[in-house]
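# Examination of the molecular architecture
What follows is each chain in one-letter form.
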Amino acid sequence: MKRYKDIAGDGGSNIVGQVEAQQARLRQRLGGVRAIVAIMSGKGGVGKSSLTANLACCLALDGWRVGVLDADLNGPSIAKLLGIRGARLAVGEAGVAPPATGLGVKVMSMDLLLSSDASPLTWDAPTQEESHTWRGAMEANALREFLADTDWGELDALLVDLPPGTDRLTTLASLVPGLAGTVVVTIPSDVSHLVVKKSITVAGQTKAPILGLVENMSGLFSGPDAAGLAREFAIPFLGSVPFDRALAAAGDRGEAFVATHPESASVVALRSIAAKIRDALRSR
Ligand SMILES: Nc1ncnc2c1ncn2[C@@H]1O[C@H](COP(=O)(O)OP(=O)(O)O)[C@@H](O)[C@H]1O
Ligand SMILES: [Mg+2]
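Notes on the structure in this doc start here. Every chain's residues receive numbers from 1 upward, in the order its sequence appears when written. Starting at A for chains and at 1 for ligands, labels are handed out in the order in which the entities are written. Whole-chain, interface and lining totals are the exception, using all residues; otherwise, since this is a predicted model, local features are given only for residues with pLDDT of at least 70 and side-chain atom pairs are given and counted only at 80 or more. Think of the side-chain values as coming from all heavy atoms in the structure, minus any hydrogens and water.

Below, the discussion takes up the side chain of Arg278. Along the polypeptide, Arg278 turns up in helix H11 (residues 265-282). The buried label goes to any residue with under 20% of its type's maximum accessible area, the exposed label to any with over 50%, and the partly exposed label to all in between, with areas taken from a 1.4 Å probe on protein chains only. Arg278 gets classed as buried once you look at its relative accessible area, which sits at 15%. We call two residues in contact whenever any of their non-hydrogen atoms come within 4.5 Å of each other. Leave out the neighbours within four places in its chain, and Arg278 touches Leu59, Asp62 and Trp64. A run of DSSP states H or I qualifies as a helix once it reaches four residues; a run of E qualifies as a strand once it reaches two. Both are numbered from the N-terminal end.

Structure follows, in structure tokens:
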């Protein structure tokens, strides 16, 4: 029986060459993307995905070319929130073309690669040969392929909706050569603040600047002060988005709430936060 040590080099798999080729493709793919911004929180259910979707719409309304990468591979929700669940992906020479919403927000999500809720993770490609079956739980690998195989074209900003957990940002930062910044999300509760403090610490350890802290669902609980938390860590406070049932319902319908309800308090807050993010990205 042959052992690993008996195999010369990489056994002919050219694994190093494959990884290098993929990294070169990744750099080329992201060459047209001016700023990659990660939306993160150590805490789940604080509204990261809703904020990502709504902020992307705000930036699009401001005339920016925007993309959203749903990095929550196992719990993708961006396609649903942006109303393009079930859109077909065009696989061409240049890679996978991300579908765009009515406002022009380009979206890539694991959700779009699944033909049914229960099927395995496969590219929906015209031929068997082009189809790529996703196996195993190598999340970082999946994310790298996601980034390297999507044809984003020219974008002013690519927002990345991270799954909960502090380690996810480190993975993304290691894949993306120049992460432009992170936005940290909390809700007004002691438990959320406790977890989010760890997220801020992790975000501070990556090279990317923390663009700021957003408080979501304000008014829902009488929790601790998010502006105070931002001050404690000397990071910008971007604003508070009120708890708004209509915003949640619009997300469930896949409706661009910021476009359909420009007068609502939550939309006014979101547009102000988006403006601060634009300013921070411009002054880099
Ligand atoms: N400001 C808000 N007001 C009301 N409901 C909200 C708000 N933000 C998010 N939600 C709702 O909270 C739930 C969790 O949000 P989601 O964006 O999926 O969180 P996460 O991505 O952090 O897990 C969703 O049902 C969403 O519609
Ligand atoms: Mg989410």
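We are not done yet, so read on.
Attention now moves to the packing of aromatic side chains. Pairing of aromatic rings covers Phe, Tyr and Trp, the last counted by its six-membered ring, and requires centre-to-centre distances within 6.5 Å; plane angles under 30 degrees mean stacked, over 60 mean edge-to-face, and any other angle means tilted. Evaluation of the coordinates by the stated rule reveals zero aromatic pairs. Note on geometry: a ring has a charge over it if NZ (lysine) or CZ (arginine) is within 6 Å of the ring centre and within 35 degrees of the ring normal. Across from the ring centre of Trp64, 5.3 Å away, lies the NZ or CZ of Arg34, which sits over that ring.

A strand pair is defined by DSSP finding two or more bridges across the two strands. Across the sheet, which stays open at both edges, the seven strands sit in the order S5-S2-S6-S1-S7-S8-S9 with parallel pairing between neighbours. Of all strands in the sheet, those with a lone pairing partner are strand S5 (106-109) and strand S9 (237-242), marking the two edges. Neighbour to neighbour, the strand axes of the sheet diverge by 20° on average, direction disregarded. Inspection of the sheet shows strand S2 (residues 66-70) paired to strand S6 (residues 157-161) by five bridges, in the parallel sense. What sits directly across from Leu69, in S6, is Val160. Convention adopted: a line fitted to C-alpha atoms gives each axis, helices being fitted over their contacting stretch, and angles between N-to-C directions are expressed from 0 to 180 degrees. Taken strand by strand, helix H5 (residues 139-149) contacts S2 and S5, and its axis lies near 155° from that of S2. The sheet contacts of H11 involve strand S1 (36-40), strand S7 (179-186), strand S8 (210-218) and S9, and relative to S9 the element is tilted by about 160°.

Here the focus is the site of ligand 1. The immediate surroundings of ligand 1 are formed by 15 residues, with Gly45, Lys48, Ser49, Ser50 and Asp244 found nearest. At 3.1 Å from an oxygen atom of ligand 1 is found a main-chain nitrogen or oxygen belonging to Val46. Here a polar contact is taken to be a pair of N or O atoms separated by no more than 3.5 Å, where protein atoms must pair a possible hydrogen donor with a possible acceptor and residues adjacent in sequence count only if both atoms sit in side chains. One nitrogen or oxygen atom from the side chain of Lys48 is found 2.8 Å from an oxygen atom belonging to ligand 1. Only helix H2 (48-61), S8, S9 and helix H9 (245-253) provide two or more residues apiece to the shell around ligand 1. With three residues, H2 is the single largest residue contributor to the shell around ligand 1. When residue character is reported, Ala, Val, Leu, Ile, Met, Phe, Trp, Tyr, Cys and Pro are called nonpolar, Asp, Glu, Lys and Arg charged, and the others, Gly included, polar. Taken together, the residues that form the shell around ligand 1 break down as seven nonpolar, six polar and two charged. Nearness is defined per residue: one heavy atom within 4 Å of the molecule or strand is enough.

Any carboxyl oxygen of Asp or Glu within 4 Å of a side-chain nitrogen of Lys or Arg constitutes a salt bridge here. Per the counting criterion, the structure on display carries ten salt bridges. Across the pair Arg65 and Asp156 runs a salt bridge whose closest N-O atoms are separated by 3.1 Å. One end of the pair, Arg65, is in the loop between H2 and S2; the other, Asp156, is in the loop between H5 and S6, with 91 residues separating them in the sequence. Owing to a relative accessible area of 7%, Asp156 belongs among the buried residues under this scheme. In this structure, Arg253 engages Glu255 in a salt bridge whose closest nitrogen and oxygen atoms are separated by 2.7 Å.

Mapped onto the secondary structure, Ala60 falls in helix H2. Excluding anything up to four places from it in sequence, Ala60 contacts Val66, Leu103 and Val105.

Right, let's get into the side chain of Lys48. Positionally, Lys48 belongs in helix H2. For this count, His and the chain ends are skipped, Lys and Arg are scored as positive, and Asp and Glu as negative. It turns out Lys48 is buried and unbridged, and the closest side chain with the opposite charge, Asp161, is 6.0 Å from it. Discounting residues that sit within four places of it in the chain, Lys48 has contacts with Ile39, Met40, Ser41, Lys43, Asp161, Leu162, Pro163, Pro164 and Val185.

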